Amino acid sequence: MTDSGIGFGFSGISLSEANDPVITAGAVPLLAKILRSDQPNVQQRAAGALANAAIGSQKAQGAIIAAGPGAGPVLVAMLSSGQPDVQQEAARTLGICGIWLAK
């Protein structure tokens, strides 16, 4: 990124601040429940939404890992789904959340 103001610090608002309303509104438990869908495209979109919410937000990452029942294990299971798009979004979500789990 250049210094044009576009990127992680866009308009002086961190991604963490931008994503907090998603967490406050209770979207994470709902999205975690949707991960269990038997439709791969629905799983992919739910995992993608969780990943996007988790970017730069420890609060969101913690909510995803804590989302019951077991968003983490469902995301891990999605890695073996046989659907490349589903696997990619599950891996991305786990990777984003794993950054904070490792600390």
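Keep in mind that what you see is a predicted model, and the values were worked out from it rather than measured. (Residues numbered from 1 in each chain as written. Predicted model: local features only at pLDDT ≥ 70, side-chain atom pairs only at ≥ 80, totals over all residues. Heavy atoms only, no water.)

> Lay out the overall build of the protein chain in plain terms, naming residues and giving numbers.
Per the secondary structure count, the protein chain includes six helices and zero strands. Its helices and strands taken in sequence order, the protein chain reads α-α-α-α-α-α from the N to the C terminus. Counting only residues that meet the buried cut, the protein chain has 30% of its 103 residues in that class. Partitioning the contacts of the protein chain with sequence separation of at least 6, the portion at a separation of at least 24 is 62%. For the protein chain, the computed accessible surface area is about 6,000 Å², with 61% contributed by carbon and sulfur atoms. (Helix = DSSP H or I, 4+ residues; strand = E, 2+ residues; numbered from the N terminus. Buried < 20%, exposed > 50% of the residue type's maximum accessible area, 1.4 Å probe, protein only. Contact = heavy atoms within 4.5 Å. Areas by Shrake-Rupley, 256 points an atom, 1.4 Å probe, with all protein chains shown as cover.)

> Could you give me a rundown of the pattern of salt bridges, with the residues and numbers involved?
Summed over all chains, the structure comprises one salt bridge. For glutamate 89, the salt bridge is made with arginine 92, and the minimal N-O distance between the two is 3.0 Å. Here the residue glutamate 89 and the residue arginine 92 both occupy positions in helix α6 (residues 84–101), the gap between them amounting to three residues, near one helical turn. For arginine 92, a relative accessible area of 29% puts it in the partly exposed group. (Salt bridge = Lys/Arg side-chain N within 4 Å of Asp/Glu carboxyl O.)

> Requested: an account of helix α4 (residues 58–66), with residues and values cited.
Those residues of α4 not exposed but buried are Ala60, Gln61 and Ile64. Along the long axis of α4, the arc covered by the buried residues comes to 100 degrees, so they all point the same way. Residues of α4 that are exposed and angled more than 90 degrees away from the buried face: Gln58 and Ala66. (Arc of directions from axis to C-beta.)

The values are spatial; any link to function lies outside them.
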